[in-house]
Amino acid sequence: MKLELEKQLVAKYPKIFRDYRGDMRKTCMHWGMEHGDGWYNLLDHACGLIQHHINSRRDYRAHSLQFNRCLARAIKGDTKGLEWYFTVNGNNSWAKKQVEDTLKAPKFREVPEKVDQLIAEQVKEKFGTLNFYTSGGDDFCFGVIRMAESLSANTCEVCGSSKGKIRGGVGIVTGK
């Protein structure tokens, strides 16, 4: 892929491509992304979905843990934390009503598992399809990667046309 496009992806997803151009003894990302420009959009969309998922899960986990701590204190009689949790733009009367309603039938929130940041280990073309090797992530991330890899088999590696197909049995993808 052109250096300019690689740098755009790295700038847009610095957490995923944190090892870009890193030490060749530690990462294959030292050599950059080894595929044609036509798969830029596939990679961009996949990375966007993955990073959004990871960020959302981390935020939801943090909010759930915070709510559960506040609720545990409120059950013991200290409602200040739960009132603070429910306060929106200084509207404390609404927060007190929420605390009352919550304490009528206290229910702790389910805390999702932590999702480790997905890090690209290698991104390349192999046998006519995109191969995206990573560490971290979860099943959702792996599903997005598999989808992008599958779509690459029908997307021209050179131009990005959806008319690409594997030709000649050697893994060359072309839209022509």
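Here's what I pulled together on the structure shown here. From a predicted model like this one, the values you see are computed outputs, not experimental measurements.

## Description of the pairing of strand 2 (residues 129–135)
- As judged from the seven bridges shared by strand 1 (residues 119–126) and strand 2, these two strands associate in the antiparallel manner. Considered in strand 2, the bridge of Val-123 is made with Phe-132.

## Topic: the packing of aromatic side chains
- Counting across every chain of the model gives four aromatic pairs.
- Between Phe-67 and Phe-86, the aromatic rings sit 6.2 Å apart at their centres with planes inclined by 75 degrees, giving edge-to-face as the arrangement. On the criterion of sequence distance, the pair formed by Phe-67 in helix 2 (residues 40–75) and Phe-86 in helix 3 (residues 80–86) is long-range, its members being 19 residues apart. Residue Phe-67 shares its accessibility class with Phe-86, and that shared class is buried.

## Description of the nonpolar core
- Ile-16, Phe-17, Met-33, Leu-43, Val-123 and Phe-132 are the most contacted members of the largest nonpolar core, which has 28 residues in total.
- Secondary-structure elements contributing two or more residues to this core are helix 1 (3–12), helix 2, strand 1, strand 2 and helix 5 (139–152).
- Broken down by element, the residue count for this core peaks at seven residues, all from helix 2.
- Setting aside its immediate chain neighbours within four residues, Val-123 contacts Phe-17, Met-29, Gly-32, Met-33, Glu-34, His-35, Leu-43, Leu-130, Asn-131 and Phe-132.

## Structural notes on the pattern of salt bridges
- One pass over the full model with this rule turns up eight salt bridges.
- Across the pair Lys-2 and Asp-37 runs a salt bridge whose closest N-O atoms are separated by 3.7 Å. Here Asp-37 lies in the loop between helix 1 and helix 2 and Lys-2 lies in the segment before helix 1, a separation of 35 residues in the sequence.
- For Glu-149, the salt bridge goes to Arg-146, with nearest N and O atoms at 2.9 Å. Separated by three residues within a single helix, Glu-149 and Arg-146 lie in helix 5, roughly one turn from each other.
- Of the residues examined, Glu-149 reaches a relative accessible area of 14% and is grouped as buried.
- Several salt bridges converge on common partners, so that one network encompasses Lys-97, Asp-101 and Lys-104.

Conventions we followed
Residues numbered from 1 in each chain as written. Predicted model: local features only at pLDDT ≥ 70, side-chain atom pairs only at ≥ 80, totals over all residues. Heavy atoms only, no water. Pairing = 2+ DSSP bridges. Helix = DSSP H or I, 4+ residues; strand = E, 2+ residues; numbered from the N terminus. Phe/Tyr/Trp six-rings, centres within 6.5 Å; stacked < 30°, edge-to-face > 60°. Buried < 20%, exposed > 50% of the residue type's maximum accessible area, 1.4 Å probe, protein only. Core = buried A, V, L, I, M, F, W, Y, C linked by side-chain atoms within 4.5 Å. Contact = heavy atoms within 4.5 Å. Salt bridge = Lys/Arg side-chain N within 4 Å of Asp/Glu carboxyl O.

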